[in-house]
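Close look at the chain arrangement
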Amino acid sequence: PEAVMAVAAARAIDADGATTMPDYQRYFVASGVTGLAASGVWDGRDFARNFLASRNLALNVSGVLFRREALCAALEAIGDEIADWRIAGDWRVYLELLSGTEAKVIWRAEPLDLHRRHAGGVTESLDAARHVEEIGPAQTLAPTRLGLDDAARGEQARPPAHARLPLGVA
C-alpha cells in the first residue's frame, strides 16, 4: 500500500517484434548494479540512491505504473520546470516521487515491458548531446533529494563520460 510506483524490467524487440535483448541485466551489471536481478519491494529513497542517483536504470517509462496521487503531487512540486526536461523528464519525476520518506517501489525483474528498438524509433532518434546534457541536472538534484554521501557523489562524476560513448557523443 505504500508503493508509489512499480517498475517492470524490459526486453528489447526489433521492428518485426523479434527479441534482440531478452532483458537489460547485462547493462545493469556493466553499470555496476546487481540489485535488479531479483524482484522485490524497495524503500523509495534506497531505490533512488542505488538505481537513479548516478543514472536512470528505470530504463523505459512504459514499464512503470504510478500511484496517481503520488505522481500528481510530484508533477505539482516540479511545476513548469518539467518543460526543461525534454529527454530525461521521467528521471526527474522519479527523483521527486521517491524523495519522500514513506515511498516504496515495487521492482519486477521479469521483463514484462517490451521496448521496441529500430532505426526509425524514438531511442535511436534522440538528440544524444541533449541527453548527456540532462544527466548533469539530474545528478545535481539527486544529492539534495536523496541525502547522498561523499562516495555516492563521487560515483556521480563517472556516468556522463560513460554515457557519451553509448549515446554516440564524443
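Residues numbered from 1 in each chain as written. Predicted model: local features only at pLDDT ≥ 70, side-chain atom pairs only at ≥ 80, totals over all residues. Heavy atoms only, no water.

**What to know about the packing of aromatic side chains**
To keep it simple, the criterion reads: Note on aromatic contacts: the rings of Phe and Tyr and the six-membered ring of Trp form a pair at centre separations within 6.5 Å, being stacked when their planes are under 30 degrees apart, edge-to-face when over 60 apart, and tilted otherwise.
Under the criterion given, the structure shown has six aromatic pairs. Through a chain of ring-to-ring contacts, the aromatic side chains of Y27, F28 and W107 assemble into a single cluster.

**Things to note about helix α2 (residues 44-51)**
Since the α-helix packs 3.6 residues into each turn, any two residues three or four apart lie on the same face. The following threshold applies: The buried label goes to any residue with under 20% of its type's maximum accessible area, the exposed label to any with over 50%, and the partly exposed label to all in between, with areas taken from a 1.4 Å probe on protein chains only. Secondary structure counts use DSSP, requiring at least four H or I residues in a row for a helix and at least two E residues in a row for a strand, with both numbered from the N terminus. Here the arc refers to the set of directions running from the helix axis out to each C-beta atom. In this analysis, two residues are considered to be in contact whenever any of their non-hydrogen atoms come within 4.5 Å of each other. N or O atoms within 3.5 Å of each other form a polar contact, as long as, within protein, one can give a hydrogen and the other can take it, and as long as residues adjacent in sequence are counted only when both atoms are side-chain atoms.
Among the residues making up α2, those that are buried are G44, R45, F47, A48 and F51. Seen end-on, α2 carries its buried residues on one side only, within an arc spanning 160°. Looking at the buried side of α2, the elements it contacts are β3 (40-43), α4 (89-98), β5 (104-116) and α5 (128-146). For α2, the N-terminal capping position is held by D43, with its side-chain oxygen 3.1 Å away from the main-chain nitrogen of R45.

**Things to note about the packing of helix α3 (residues 68-78) against α4**
Note the following rule: Lines fitted to the C-alpha atoms define the axes, with helices restricted to the stretch that makes contact. Angles between their N-to-C directions range from 0 to 180 degrees. Orientation categories follow fixed angle ranges, with anything under 35 degrees roughly parallel, anything over 145 roughly antiparallel, 65 to 115 roughly perpendicular, and all other angles oblique. Each residue is assigned to one of three groups, with Ala, Val, Leu, Ile, Met, Phe, Trp, Tyr, Cys and Pro labelled nonpolar, Asp, Glu, Lys and Arg labelled charged, and all others, Gly among them, labelled polar.
In the contact formed by α3 and α4, the axes pass within 9 Å of each other and the chain directions differ by 110°. Between α3 and α4, the crossing angle belongs to the class labelled roughly perpendicular. Contact with α3, carried on its side by A70, L71, A74, L75, A77 and I78, involves R92, V93, E96 and L97 of α4 and no other residues of that element. Taken together, the residues that form the contact of α3 with α4 break down as eight nonpolar, no polar and two charged.

**Describing the pattern of salt bridges**
Quick note on the threshold: Counted as salt bridges are all cases of a side-chain nitrogen of Lys or Arg within 4 Å of a carboxyl oxygen of Asp or Glu.
Under the criterion given, the structure shown has five salt bridges. In this structure, E81 and R92 form a salt bridge, with 2.9 Å as the shortest nitrogen-oxygen distance. You can see E81 sitting in the loop between α3 and α4 and its partner R92 sitting in helix α4, a full eleven residues away along the chain. Each member of the salt-bridge network shares a partner with another, and the members are E81, R92, E96 and R145.

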